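# Survey of secondary and tertiary structure
Listed here are the chains, written in short residue letters.
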Amino acid sequence: IFNNHYNIVGFKKGIFRMKVLLTGFEPFGGSTINPSEQAVHALAGSPPAGIDLSTAILPVDKTTGPQALLKAIAEVQPDVVICLGEASGRAVISIERLAVNLMDFRIPDNKGEQAVDQPIRADGPAAYFATLPVRKLQEAVMAAGIPCDLSLTAGAYLCNQVMYTLLDHAAREKPALRGGFIHLPCLPQQTATRADKTPSMGLDAILTGLRAGLSALVEDQE
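Residues numbered from 1 in each chain as written. Predicted model: local features only at pLDDT ≥ 70, side-chain atom pairs only at ≥ 80, totals over all residues. Heavy atoms only, no water.

For the rest of this paragraph, the subject is the overall build of the protein. If you tally the helices and strands in the protein, you get six helices and ten strands. Over its C-alpha trace the protein gives a radius of gyration of 16 Å, about what one expects of a compact globule, namely 17 Å for 222 residues. Viewed in the frame of its principal axes, the protein has a C-alpha envelope of about 50 × 40 × 30 Å. Residues classed as buried in the protein amount to 52% of the 222 residues present. For the protein, the proportion of contacts with a sequence separation of at least 24, taken over those separated by at least 6, is 79%. When the accessible surface of the protein is totalled, it reaches about 9700 Å², and 53% of it is carbon and sulfur. (Helix = DSSP H or I, 4+ residues; strand = E, 2+ residues; numbered from the N terminus. Rg over C-alpha atoms; globule rule 2.2 N^0.38 Å. Buried < 20%, exposed > 50% of the residue type's maximum accessible area, 1.4 Å probe, protein only. Contact = heavy atoms within 4.5 Å. Areas by Shrake-Rupley, 256 points an atom, 1.4 Å probe, with all protein chains shown as cover.)

For helix α4 (residues 158-173), spanning 16 residues, the distance from its first C-alpha to its last is 22 Å, which sits close to the expected 22 Å at 1.5 Å a residue. Where burial is concerned, most of α4 is hidden: 13 out of the 16 residues are buried. (Expected span 1.5 Å × (residues − 1).)

What follows is about the state of the cysteines. One way to say it: the disulfide is the covalent bond shared by the sulfur atoms of two cysteines. Scanning the model with the defined rule gives zero disulfides in all. Cysteine Cys159 remains unbridged, with the sulfur of Cys83 as its closest cysteine sulfur at 9.1 Å. (Disulfide = S-S within 2.5 Å.)

The next point concerns the pattern of salt bridges. Under the definition given, this model contains ten salt bridges. Two residues, Glu75 and Lys71, come together in a salt bridge whose shortest N-O distance is 2.5 Å. With a gap of four residues between them, Glu75 and Lys71 both fall in helix α2 (residues 64-76), about one helical turn apart. Via salt bridges that share partners, Arg121, Asp123, Asp168 and Arg172 belong to a single interconnected network. (Salt bridge = Lys/Arg side-chain N within 4 Å of Asp/Glu carboxyl O.)

When pLDDT is averaged along the protein, the result is 92, and 92% of the positions lie at 70 or above. Residue range residues 4-14 is modelled with pLDDT below 50. Its contacts to residues more than four positions away, or to other chains, number 18 contacts. (pLDDT = per-residue confidence, 0-100.)

With that settled, the discussion passes to the pairing of strand β5 (residues 80-86). Across the seven residues of β5, seven count as buried, placing the element largely inside the fold. Of the two faces of β5, the one lined by Val80, Ile82, Leu84 and Glu86 and the one lined by Val81, Cys83 and Gly85 are each fully buried. Inspection of the sheet shows β5 paired to strand β10 (residues 178-184) by seven bridges, in the parallel sense. Counted as the bridge partner of Val80 is Arg178 from β10. (Pairing = 2+ DSSP bridges.)

Structurally, the position occupied by His169 is in helix α4. The contacts of His169, once residues within four sequence positions are left out, are Leu70, Ile73 and Lys174.

Let's shift gears to the side chain of Glu96. Position of Glu96 among the secondary structure elements: in strand β6 (residues 93-96). The class of Glu96 is buried, set by a relative accessible area of 0%.

Now for the environment of His183. When you line up the elements, His183 lands in strand β10. Using a relative accessible area of 3% as the deciding quantity, one classes His183 as buried. Expressed as a C-alpha distance, the spacing of His183 and Ile107, which sit 76 residues apart in the sequence, is 18 Å. Not counting the four nearest positions on each side in its chain, His183 is found in contact with Gly85, Glu86, Ala87, Arg90, Val92, Ile93, Ser94, Glu96, Ala154 and Cys159. In this structure the side chain of His183 is engaged in a polar contact, spanning 2.7 Å, whose partner is the side chain of Glu96. (Polar contact = N/O pair within 3.5 Å; in protein donor to acceptor, adjacent residues only side chain to side chain.)

Close contact between α2 and α4 brings their axes to 9 Å; oriented N to C, the two are set at 40 degrees. As judged from the angle between their axes, α2 and α4 are oblique. Considering how the two elements wind past one another, α2 and α4 form a crossing that is right-handed. Where α2 approaches α4, its residues Pro66, Leu69, Leu70 and Ile73 are matched on the opposing element by Gln161, Val162, Thr165, Leu166 and His169. Within the contact of α2 with α4, the residues separate by chemical class into six nonpolar, three polar and no charged. (Axes fitted to C-alpha atoms, helices over the stretch in contact; angles between N-to-C directions. Parallel < 35°, antiparallel > 145°, perpendicular 65-115°, else oblique. Left-handed = near helix turned anticlockwise from the far one by under 90°. Nonpolar A, V, L, I, M, F, W, Y, C, P; charged D, E, K, R; others polar.)

Written out as structure tokens, the structure reads:
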């Protein structure tokens, strides 16, 4: 699902405008909702000042998920790509620093495929660092009153695969493109009846944190 909300690039009326592609994932693992999908839809309707926002919801499919991301990048030609995903068990917003060249799925994807100990790109580097100003983003999210940390692992599921695909594509095809990945806690309605008391964060808090981070990106670019 792809939605290009704005087409303005560069400067307008003396104000810098950054072209951002924001992606989330469809629900997976038996859940009917995904906080990343919810956040993308909410931000699409009212993006932070200075941002021309395009959005895409990626399938949780090891083949079509990365393909959908690359298709959206080709259509939007963004300055920045931020991919969002769900991280069950995490209590805070997590800004990922590293994507590794590994698929080792703990559960099958939504097409029933379960990659085990497979590289994302056979001849690719072992890892890529995010090219976002991750420390500045973390500080902005925390300054908005939302708990946030920097994470050294995006896991080995679709989130990591998409992050690696993004950074590999940028390194080889679009060196000016900046990108990274942000993991979100589950929503309360996903965990309310779970016996393991999995942490959660409300959508309003998630949106407050993401808006602060996006605004910090604009300031950094200016």
